[in-house]
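So you can see what is in the structure, the chains are spelled out below.
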Amino acid sequence: KSEDHLKFQFVVHTSLDIVVERLGEGKAGAAAAGGDLYLGLLTPIEDYKVFGYVTNTQIKLIIVTRDVPLRDADIKSLFKGL
């Protein structure tokens, strides 16, 4: 469906804006200092939960899930496993 595709794109682009905003708050230095940066739950948008992660080379990773009960530690270990 075209509407679902556009909705998903909106969710991802909104989440990337949140990542950029958080990185501007000083967390970018922490990622650049040698450690990976797990941003956790960025925002619950409609039926989705969005999690973010930034590597020490400033690569931004986003995981979008439907409303599924997930523990924060599980998502963090998933990002670290990538």
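Anything mentioned here points back to the structure above.
Now for a description of the structure that goes with this document. It should be emphasised that the depicted structure is a prediction, and the values quoted were computed from it without experimental measurement. (Residues numbered from 1 in each chain as written. Predicted model: local features only at pLDDT ≥ 70, side-chain atom pairs only at ≥ 80, totals over all residues. Heavy atoms only, no water.)

Quick look at the packing of aromatic side chains
Any pair of aromatic rings gets described here by the distance separating the centres and the angle formed by the planes.
Then, number 1: Following the criterion strictly, the structure yields three aromatic pairs and no others.
Then, number 2: Judged by centre distance (6.0 Å) and plane angle (70°), the ring pair of Phe8 and Tyr48 falls under edge-to-face. Linking Phe8 in helix α1 (residues 2–32) with Tyr48 in strand β2 (residues 48–54), this pair joins segments that are 40 residues apart in sequence.
Then, number 3: What makes Phe8 partly exposed here is its relative accessible area of 36%.
Then, number 4: Here Tyr53 and Phe79 contribute two aromatic rings whose centre-to-centre distance is 5.1 Å and whose plane-to-plane angle is 10°, an arrangement assigned as stacked. Taken together, the residues span a long stretch of sequence, with Tyr53 in strand β2 and Phe79 in helix α2 (residues 72–81) at a distance of 26 residues.
Then, number 5: A relative accessible area of 2% means that Phe79 is categorised as buried.
Then, number 6: Put simply, the rings of Tyr38, Tyr53 and Phe79 pair up and form one aromatic cluster. (Phe/Tyr/Trp six-rings, centres within 6.5 Å; stacked < 30°, edge-to-face > 60°. Helix = DSSP H or I, 4+ residues; strand = E, 2+ residues; numbered from the N terminus. Buried < 20%, exposed > 50% of the residue type's maximum accessible area, 1.4 Å probe, protein only.)

What about the sheet that holds β2?
Then, number 1: Strand order in this open sheet of three strands is β1-β2-β3, and the pairing throughout is antiparallel. With partners counted over all chains shown, the strands left at the sheet margins are β1 (37–45) and β3 (60–66), one partner each. Across the sheet, the axes of successive neighbouring strands diverge by a mean angle of 20°, strand direction being ignored.
Then, number 2: Note: β1 against β2, seven bridges, orientation antiparallel. For Gly40, the partnering residue across the bridge sits in β2 and is Gly52. (Pairing = 2+ DSSP bridges. Axes fitted to C-alpha atoms, helices over the stretch in contact; angles between N-to-C directions.)

A look at unusual backbone geometry
Then, number 1: The phi angle at Gln58 is positive, at roughly 65°, despite the residue not being glycine.
Then, number 2: Within the fold, Gln58 resides in the loop between β2 and β3.

With respect to the environment of Val12
Then, number 1: Inspection of the secondary structure puts Val12 in helix α1.
Then, number 2: Between the alpha carbons of Val12 and Ile62 there is a distance of 7.6 Å; along the sequence they are 50 residues apart.

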